[in-house]
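The residues making up each chain are set out below.
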Amino acid sequence: MKKKNEYLSLASAAVVALALSLSTGIAKADEDFGGLPEGEGQELTFYACQGCHSLMTVTNQRFSRRVWDEVLDWMVDEQGMAELPDEDREVILDYLSTHLGIEG
Amino acid sequence: MSKKIERGLCELYHEDPERADAVVFGRVPESNRRGFLKGAGLAAMGAAVGGAIPFSANMPAGLIPAALAQGSTDFRLEGKMDGLIVRNDRPVNIETPAHLLDDDITPADKFFVRNNGTLPDPINLADWSLKIDGEVENELELSYDDLVNDFEHVTLRLQLECGGNGRAGFNPPPRGNQWMIGAIGNAEWTGVRLSDILRRAGLKASAVYTGHYSYDEHLSGDPDRPAISRGGPIDKMMDPHTIVAFKMNGEDIPAAHGYPVRMVAPGWPGSVSQKWLTRVWVRDKEHDGPGMTGMSYRVPRHPVEPGAEVPAEDMMVMGSMIVKSLISFPETGVEVPAGRPFEVRGHAWAGDDWVETMEVSLDYGATWQRAELSPPPNKYSWQRWRANLTPRNVGYYEVWARATDQNGRAQPMVVPGWNPRGYLNNSCHRIAVMAV
């Protein structure tokens, strides 16, 4: 469950979105690192993924740490991704489950 | 930016719908979970959707208003008309918003795009051929001219829908493109029946399945790794509506849709309809190419709870898609005059089956009104439906649409059974309408 202040910021953001979506098209923010949210591991995650696919493949998803772990396994086992060094893999999993995660 | 924020709102509703109601709109359900919009909460939600909500007493708790839940159309991508929704740019995956799907025959520039690998440069026709091998008496290698000249042509309107269309509705969110409702199209395809080709090759008694290959490339660049290779059981592939197509709406098939030749196996997950087709391998067992095994294009044999870890052996390959419909007119958010009828219309389809009844509701499903429903021009085409609805008062309404197939199976109002990869969400489409 998210903290109360996060709910409130989302709530006000939702109202802002309504107003904005009625006005002109909005430039996409965060062009850096393919739109990955800022945070520790952002750069490492970007370079681990961008060789094969758009970072939209990542930012469009919200998974638990368990599922992100499975996705990385799948990338290596079935999609031809090079095995990540253990340390990097931990940083990337922490990053993904923190910034593109769900509770549970 | 706006997309990110809209997603925030949807997430909020996913996590705890009633709490989201309380936080965003200040509304709190009463013990019967209806009739809860009061005071500031009602005013806030009314302000957000742009007017009063006449049937607010029927509006279920935790239901994100359709006016707020639709996908963004702020994005643009070259090669397709403005207003389509880019779900991914590498691989290219593009969704069509419902209001751009109003044509009976979906034009190529509005047709959704679903790719697993690269979007290849169009091959030179002289370099293209189609190989038929495996469990056949005589292997075939057909040039483009052979294909076009040696077999009878058929032209059919055929629905093609991504197996994951509607995935965005599932919670927890499954892997894959977060399609809302627009990964569906109904073009007019011209080609030859796959059954005619397979008869020419002569199926052995051992032939049970097909495996399809194409000239697009895996995103990793590995030339030995197909981006995707799916197929279908022989019965489906011998159906006279399963065709090897070389024209889309009377023109050469565009690059994004499989130039020069693609499979069209209507009513089944779109991935059975391999684009850029170069080979049909007839198998003596269920095909096992990428996209056939593991969890992809598979659903649990038995219902599972949301978020369940399902062992691979409990998953089975998806067959036909299921009954579904969309509202293609008007566009969500439209203003209509209060007290006067306005037209609502769209399409309905049901995989291998067909739609027998179409209904619409203006009061959150409390009452339903029959819509006029046309028969399909040919089997496997989607069907046109239309209705006139009259909002009695000014304010915010939602149009809900529900199709029922010939076996009495109706679309559910809420998202049906969760599955690990988010297939077969056929819940009702709904749009927001403001009566003024």
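Our structure's up above, just so we're on the same page.
Here's what I pulled together on the structure shown here. Nothing here was measured: the structure is a model prediction, and the numbers come from that model. (Residues numbered from 1 in each chain as written. Chains lettered and ligands numbered in written order. Predicted model: local features only at pLDDT ≥ 70, side-chain atom pairs only at ≥ 80, totals over all residues.)

1. Points about the overall build of chain B
Along its length, chain B carries seven helices and 23 strands. Every one of the 436 residues in chain B was classed for burial, and the buried ones make up 49%. For chain B, restricting intrachain contacts to residue pairs at least 6 apart in sequence, the fraction spanning at least 24 positions comes to 68%. (Helix = DSSP H or I, 4+ residues; strand = E, 2+ residues; numbered from the N terminus. Buried ≥ 20, exposed ≤ 12 C-beta atoms within 10 Å, placed from the backbone. Contact = placed C-beta atoms within 7 Å.)

2. What about the environment of Glu-356 of chain B?
Residue and element names in this part refer to chain B. Note that Glu-356 resides in strand β18 (residues 355-361). According to the C-beta neighbour criterion, Glu-356 is partly exposed, with 18 such atoms within 10 Å. Separated by 46 residues in sequence, Glu-356 and Arg-402 have C-alpha atoms that sit 11 Å apart. Not counting the four nearest positions on each side in its chain, Glu-356 is found in contact with Thr-404, Asp-405 and Gln-406.

3. Digging into helix α5 (residues 86-99) of chain A
The end-to-end C-alpha distance of α5 of chain A is 20 Å, a good match for the 20 Å that 14 residues give at a rise of 1.5 Å each. Each element contacted by the buried residues of α5 of chain A is listed here: α2 (42-49) and α4 (65-79) of chain A. (Expected span 1.5 Å × (residues − 1).)

4. Considerations on the pairing of strand β9 (residues 243-248) of chain B
Residues and elements named next belong to chain B. Along β9, five of the six residues are buried, which leaves the element largely enclosed by surrounding structure. Relative to β9, strand β7 (residues 184-193) runs antiparallel, the two being bridged by five bridges. Its bridge partner being in β9, Arg-193 is matched across the sheet by Ile-243. Where β9 lies against strand β11 (residues 262-264), three bridges are found, and the strand directions are antiparallel. Among the inter-strand pairings, Ala-245 is bridged to a residue of β11, identified as Arg-262. For β9 and strand β10 (residues 251-252), the ladder comprises two bridges, and the chain directions are antiparallel. Its bridge partner lying in β10, Met-248 is registered against Glu-251. (Pairing = 2+ DSSP bridges.)

5. Some words on the pairing of strand β4 (residues 129-134) of chain B
Residues and elements named next belong to chain B. What you see with β4 is a clean split: Leu-130, Ile-132 and Gly-134 sit on the buried side and Ser-129, Lys-131 and Asp-133 on the side with no burial. As defined by bridge partners, β4 adjoins strand β5 (residues 140-143) across four bridges and the pair is classed as antiparallel. Within the sheet, the bridge partner assigned to Leu-130 lies in β5 and is Leu-142. Between the antiparallel neighbours β4 and β5 lie five residues. Sheet analysis places β4 next to strand β12 (residues 277-283), joined by four bridges and oriented parallel. Bridge pairing in β12 links Asp-133 to Trp-281.

6. Digging into unusual backbone geometry
Residues and elements named next belong to chain B. Cis peptide bonds are those with omega within 30 degrees of zero, and the linkage from Asn-171 to Pro-172 qualifies with 0 degrees. Tracing the backbone shows Pro-172 in the loop between β6 (153-161) and β7. Here the amide bond leading from Tyr-259 into Pro-260 is cis, since omega sits at 0 degrees, within 30 degrees of zero. Structurally, the position occupied by Pro-260 is in the loop between β10 and β11. In this structure, Tyr-364 is a non-glycine residue whose phi angle is positive, near 60 degrees. Here Tyr-364 shows up in the loop between β18 and β19 (369-370). A count of 20 C-beta atoms within 10 Å places Tyr-364 in the buried class.

7. A short note on the sheet that holds strand β23 (residues 429-435) of chain B
Residue and element names in this part refer to chain B. Pairing in this open sheet of five strands is mixed, and the strands run β16-β23-β22-β18-β19 from one edge to the other. A strand with exactly one partner marks an edge of an open sheet, and here the two such strands are β16 (334-336) and β19. Pairing between β18 and β19: two bridges, direction antiparallel. Across the sheet, residue Glu-359 finds its bridge partner in β19, namely Arg-370.

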